Amino acid sequence: MSRWVVVMILSALLGLLNPSFAESVEPKSIATKTVPVLTISGAIGPAVSDYVTKEILRANQQLNSPAIIITLDTPGGLSSSLRDINQHILASNIPVLCLVYPQGARAASAGTYILYACHIAAMSSATTLGAATPVMIGGAPKAGKGQEEQSKEPTAMEKKVLNDSIAYIRSLAQLRGRNVEWAEKAVIEAATLSSIEALKMNVINLIAESPESLIELTDGQILEVNKQQYAMDLTGSVLEQRLPDWRNQFIATITDPNIAYILMLIGIYGLLLEFYSPGFGVAGITGAISLLIALYAFQLLPVNYVGLGLLFVGLALLIAESLMPSFGLFGIGGMIAFTLGSVFLIDSDLPEFTISLTLVYSITLMSAVFIILVLRTLLRLKNKRIVSGLDALIGSEATVMTSFSDQGFVHVRGERWAAVYSDSTSSEPLHKGDTVVIYAIDALTLFVKKSEE
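Thresholds, definitions, all that
- Residues numbered from 1 in each chain as written.
- Predicted model: local features only at pLDDT ≥ 70, side-chain atom pairs only at ≥ 80, totals over all residues.
- Heavy atoms only, no water.
- Salt bridge = Lys/Arg side-chain N within 4 Å of Asp/Glu carboxyl O.
- Helix = DSSP H or I, 4+ residues; strand = E, 2+ residues; numbered from the N terminus.
- Buried < 20%, exposed > 50% of the residue type's maximum accessible area, 1.4 Å probe, protein only.
- Core = buried A, V, L, I, M, F, W, Y, C linked by side-chain atoms within 4.5 Å.
- Contact = heavy atoms within 4.5 Å.
- Patch = residues over 30% accessible without salt bridge, like charges linked within 9 Å, V, L, I, M, F, W, Y side chains within 5 Å.
- Areas by Shrake-Rupley, 256 points an atom, 1.4 Å probe, with all protein chains shown as cover.

Draft legend 1. Representation of the pattern of salt bridges. Per the counting criterion, the structure on display carries nine salt bridges. We note a salt bridge from Arg83 to Asp164, for which the minimum N-O separation is 2.7 Å. Pair noted here: Arg83 is in helix H4 (residues 79–91) and Asp164 is in helix H7 (residues 156–176), with a separation of 81 residues, a long-range link. Look at Arg83 and you get partly exposed, because its relative accessible area is 27%. For Asp164, a relative accessible area of 42% corresponds to the partly exposed category. When the shortest N-O distance is used, the salt bridge between Glu184 and Arg170 registers 2.0 Å. In this pair, Glu184 is assigned in helix H8 (residues 180–188) and Arg170 in helix H7, connecting sequence segments 14 residues apart. Classification of Arg170 as partly exposed rests on a relative accessible area of 30%. One network of salt bridges, in which partners are shared, links Glu55, Arg58, Glu240 and Arg242.

Structure representation (structure tokens):
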């Protein structure tokens, strides 16, 4: 017994000096199987895409991750973000299980495509999916004009987008062996299904009430992953909730169109203030940082460059109004261009990725007031003549030191000056202590007259 104690003590000491030795002495425990759980809640945008794709890549690099679970509750999202997520799902070497969760959740629009792309599609009870028509095509019906106008023939571009979406969801349905006909119907007619209906129609694989029950129901199944048979061995797996890190949260904040819009305006105004009052200070630093962050956010968002151009034209016209007053012509034109540019800036019909009209109108009025009044004031101060030296004495008051009627001496700013009294409005001599005003200077002689007071 004592010999084992000595061996354990020696092993511990050697382990402190050389950790690799301790690892070789201690019996290797079997790594716990970990199933990452990713959560998509809300609109699918650049931040969600960055979060999901990175976690999928991370899980594929871990040897102890037999599967990935994505819980889904979304009204839809951007097509670019959706396709980026699906590309990583399709390229994953381990199964990706998608669950519409919790009860009352939905996988609408882009969520339907993600559900079709996953190796296992599951839904909780009282959840829905569908309505996968591209938003720019499935606009709200027009009231008061009858059914004819509601079934208006789509444009050539809308047909292209619609046909591309149909082909995309068909390919996903064929790859996973799910209902192709209903997939087309979800895109063309914006059809929707409940979880029970989806299971009956082979749109999903099973109904699960939680990620834990999804693990139990899929354990032991044989799936095809990248054209290879994959046996699901999930016994003893531990679910690990993977939440977005600070970088994802930062991207989610700045890619809010309203936040990005405000950051851009702060950047422009900061640089304008710095331009009108040279000397790189707080305004310039704040403006430069804000503008760079806004440009990064717009790079991730579907920006309409015509709207961006109108925005800058509006700002240029407002600046021109402050520099060269045109009786409101530049100002009104600038406000109109600025407002239109703000409305068209984000090229998306999804409410989650549009700029609030209330914010646009408020910012437009504030911008007009800011540029026309503030910048004009700064320009006036900048162009104001700075008087220094002897000329600075003109207009100053002086005190008569001794009485005189023509020439004498006055006291001004702590100094004694020779003065010539010349005042056409008064012929009375000056007396000691009288206050006079300097109106001209010749060499070192001041020309004074009586103060009006």
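What follows picks up the thread again.
Draft legend 2. Region of the structure containing the nonpolar core. In this structure, Val52, Ile89, Ile114 and Leu129 are the most contacted members of the largest nonpolar core, which totals 47 residues. When near neighbours in sequence (up to four residues on either side) are disregarded, Val52 contacts Leu38, Ile40, Ile70 and Ile85.

Draft legend 3. Looking closely at a nonpolar patch on the surface. Together, Ile332, Ile336, Leu340, Val343, Phe344, Leu357 and Tyr361 line one region of the surface with nonpolar side chains, adding up to about 650 Å² of accessible area. Counting only elements with at least two residues in the nonpolar patch, the list comes to helix H15 (329–344) and helix H16 (357–383). Looking at the nonpolar patch, the element that brings in the most residues is H15, giving five residues. Among the structural elements, Leu357 can be located in helix H16.

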